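Below are the chains, spelled out letter by letter.
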Amino acid sequence: AKREGGGRFRFFEPGMQLRVQARRQLEEDLRRALEKGEFELHYQPLVNLAEGSVGGFEALLRWRHPQRGLVCPDEFIPVAEAMGLIVPLGRWTLARACADAASWPQPLRVAVNLSAAQLADPALEETVAAALAAAGLPPRRLELEITESLLLRDTEDTIALLRRLRASGAAISMDDFGTGYSSLSYLIKFPIDKVKIDRSFVLAMDERPEGAAIISAIAGLCRTLGIVTTVEGIETPAQRRQVAGQGCTEGQGYLFSPPCPAQAIPALLERWECL
Ligand code: C2E
Ligand code: CA
Ligand code: CA
Ligand code: CA
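Thresholds applied
Residues numbered from 1 in each chain as written. Chains lettered and ligands numbered in written order. Predicted model: local features only at pLDDT ≥ 70, side-chain atom pairs only at ≥ 80, totals over all residues. Heavy atoms only, no water. Near = heavy atom within 4 Å. Polar contact = N/O pair within 3.5 Å; in protein donor to acceptor, adjacent residues only side chain to side chain. Areas by Shrake-Rupley, 256 points an atom, 1.4 Å probe, with all protein chains shown as cover. Helix = DSSP H or I, 4+ residues; strand = E, 2+ residues; numbered from the N terminus. Phe/Tyr/Trp six-rings, centres within 6.5 Å; stacked < 30°, edge-to-face > 60°. Buried < 20%, exposed > 50% of the residue type's maximum accessible area, 1.4 Å probe, protein only. 1 Å grid on protein atoms, 1.4 Å probe; cavity = no way out; pocket = protein on both sides within 12 Å on 5 of 7 lines; lining within 4 Å. Points joined across faces, edges and corners; volume = space filled by probe spheres on them. Nonpolar A, V, L, I, M, F, W, Y, C, P; charged D, E, K, R; others polar. Donors = N, O, S within 2.8 Å, 3.2 Å for Na, K, Ca; no water. Contact = heavy atoms within 4.5 Å. pLDDT = per-residue confidence, 0-100. Pairing = 2+ DSSP bridges.

Visitor: Explain the site of ligand 1 here, please?
Guide: Inspection of the region around ligand 1 gives 22 residues, with Gln44, Arg62, Ser115, Glu235 and Tyr254 positioned closest. One of the side-chain N or O atoms of Asp175 is found 3.1 Å from an oxygen atom in ligand 1. A distance of 3.0 Å is found between a nitrogen atom of ligand 1 and a side-chain nitrogen or oxygen belonging to Arg199. Summarising the interface, the protein chains cover 83% of the accessible area of ligand 1, which totals 800 Å² for the free molecule. Of all the secondary structure elements, the ones that give two or more residues to the shell around ligand 1 are β2 (54–65), α2 (73–82), β4 (109–114) and β6 (171–177).

What follows is the structure, given as structure tokens:
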């Protein structure tokens, strides 16, 4: 059903075919990347705003592509999720992150992002326990970050799962907070230890006073509920001062440090102590 010229019956657009092909290539590359060990974790500090101290690091996945260089997760995680690779990739990530964190000074925590498919994986608890045990990392040094939008699904099952993970000693963080629906009721409904306030609110804070009011409302409610707040995407000293003034617990962003390779952490911590 292909006819050159008029194009009316061309079911296969040249551009479309290319996209399908590129997609297939990417899937193949990704599958091989896991086998060949092309993934790495970069770490970004979580900074206590009152004390200026580092409380831990968030693990952020990178793909060291032989031709394309360092690839950011937004470019491959959606594909890894769609092709079912995120479960084995997430297992690798948990193990790597726990192993790296075990070499850091004692109380420092590591935060690991979880995808929907991992939450739905019946082996998740076992995977988490195995990663901690293999690394010899105490569970209280692990935080699991779950995006707010994931919590919309199978509410009862998710709540039960989060309870069990928490009972095992790991902390639960609600990521990208404020970007979905009925966020505030989630704070009461779900067993969570930390809320990560999305960067969009920091940008809104710069633009108009209402933006600051939203952050301070979230921080106030979280404080009442005994939930730690981390503000994402802090890039300027003014933003840091403002969110600290609103009672947020932690900050994360380029102002403190970009995500950096695991090998850079000892130097980063040393520099920190001198500040
Ligand atoms: P996220 O969990 O919200 O992570 C924060 C993102 O903001 C990171 O992007 C980080 O590099 C970036 N960021 C940090 N500070 C600043 C700042 O001051 N300004 C700006 N503009 N951006 C900042 P990254 O590393 O590209 O990761 C993007 C997303 O990919 C993450 O968003 C997370 O949803 C996902 N992701 C990363 N690693 C993993 C992983 O291991 N597993 C899963 N399932 N998802 C991951
Ligand atoms: Ca995150
Ligand atoms: Ca986030
Ligand atoms: Ca985000």
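More follows now that the structure is in view.
Visitor: Before we go on, may I ask you to explain the packing of aromatic side chains in this structure?
Guide: Two numbers describe a pair of aromatic rings. These are the distance of the centres and the angle of the planes. Scanning all chains against the criterion turns up six aromatic pairs. Seen in terms of ring centroids, Phe39 and Phe76 are 5.6 Å apart; in terms of plane orientation they differ by 45°. Their pairing is tilted. Of the two residues, Phe39 sits in strand β1 (residues 39–48) while Phe76 sits in helix α2, which places them 37 residues apart along the sequence. With respect to class, Phe39 is no different from Phe76; both count as buried. An angle of 90° between the planes, with centres 5.1 Å apart, marks the rings of Tyr43 and Trp104 as edge-to-face. Placement of Tyr43 in strand β1 and of Trp104 in the loop between α3 (86–102) and β4 is noted, with a sequence separation of 61 residues between them. A network of ring pairs unites the aromatic residues Phe39, Trp63 and Phe76 as a single cluster.

Visitor: Any chance you could explain empty space enclosed by the protein here in plain terms?
Guide: Rolled over the atoms, a probe with the dimensions of a water molecule shows which regions are left empty. Per the stated rule, a full pass over the model turns up one cavity of 30 Å³ or more. In this structure, the largest cavity spans a volume of roughly 40 Å³. If you trace the largest cavity, you find it lined by Val87, Arg91, Gln118, Asp121, Leu124 and Thr127. Sorting the residues of the lining of the largest cavity by element identifies α3 and α5 (124–135) as the ones contributing at least two each. Its residues assigned to classes, the lining of the largest cavity shows two nonpolar, two polar and two charged.

Visitor: What am I meant to see in the coordination of the calcium ion (ligand 2) here?
Guide: Tetrahedral metal sites with four donors have an ideal angle of 109.5 degrees; octahedral sites with six donors have ideal angles of 90 or 180 degrees. Every protein donor of the calcium ion (ligand 2) is accounted for by Glu58 (OE), Asn113 (OD1), Glu145 (OE) and Asp175 (OD), and the metal-donor separations fall at 2.1 to 2.3 Å. One chain supplies every donor for the calcium ion (ligand 2), spaced along it as E-x54-N-x31-E-x29-D. Between the calcium ion (ligand 2) and the calcium ion (ligand 3), a spacing of 4.0 Å is present, and a bridge between the two is formed by Asp175. Here Glu58 is found in strand β2, whereas its partner Asp175 is found in strand β6, with 117 residues between them in sequence.

Visitor: What is the right way to look at unusual backbone geometry in this model?
Guide: When glycine is set aside, most residues are seen to have a negative phi, and most peptide bonds are trans. The backbone of Asp176 sits at a positive phi, close to 50°, despite the residue not being glycine. Checked against the element boundaries, Asp176 lands in strand β6.

Visitor: Explain the environment of Arg62 to me, please; I cannot follow it from the model alone.
Guide: On the secondary structure map, Arg62 appears in strand β2. Each C-alpha atom of the pair Arg62 and Leu142 lies 20 Å from the other, and the pair is 80 residues apart in sequence. The contact partners of Arg62, leaving out residues within four places of it in the chain, are Glu38, Phe39, Glu40, His42, Leu70, Val71, Cys72, Pro73, Phe76 and Pro259.

Visitor: Teacher, can you tell me more about the coordination of the calcium ion (ligand 3) here?
Guide: Distances from the calcium ion (ligand 3) to its protein donors, Asp175 (OD), Asp176 (OD), Glu232 (OE) and Glu232 (OE), fall at 2.1 to 2.6 Å. All donors of the calcium ion (ligand 3) belong to a single chain; written as a sequence motif, their spacing is D-D-x55-E.

Visitor: Any chance you could explain the environment of Glu232 here in plain terms?
Guide: Summarising the element assignment, Glu232 is placed in the loop between β8 (228–231) and α10 (237–245). Overall, the relative accessible area of 12% leaves Glu232 in the buried class. Measuring from C-alpha to C-alpha, the distance between Glu232 and Ala267 comes to 23 Å, with 35 residues separating the pair along the chain. Sequence-distant contacts of Glu232, defined by excluding residues within four places in its chain, comprise Asp175, Asp176, Lys196, Ile197, Asp198, Arg199, Val202 and Gln252.

Visitor: Can you help me understand the confidence of the model for the protein in this one?
Guide: For any part of a model where pLDDT is low, the fine detail of the predicted coordinates should not be relied upon. Looking at the protein, pLDDT values average 91 and 92% of them are 70 or higher. Confidence drops under a pLDDT of 50 for residues 1–7, and excluding neighbours within four residues, the segment shows 10 contacts in the predicted structure. Interface confidence in the predicted complex, given as ipTM, is 0.98; pTM for the same model is 0.93.

Visitor: Just checking my understanding: could you explain the pairing of β2 for this structure?
Guide: Within a regular beta strand, the side chains point alternately toward one face of the sheet and then the other, so they alternate between its two faces. The element β2 is extensively covered by neighbouring structure, given that 11 of its 12 residues are classed as buried. Examined bridge by bridge, β1 and β2 share nine bridges and lie antiparallel to one another. Counted as the bridge partner of His42 is Leu60 from β2. The antiparallel pairing of β1 with β2 creates a hairpin that spans five residues between the two strands, and Gly52 there sits at a positive phi of about 75°. Note: β2 against β4, four bridges, orientation parallel. By the bridge assignment, Gly56 is partnered in β4 with Arg109. Sheet topology places β2 next to strand β3 (residues 69–71); three bridges connect them, and they run antiparallel. Note that in β3 the partner of His65 across the bridge is Gly69. Counted along the chain from β2 to the antiparallel partner β3, the turn is three residues long.

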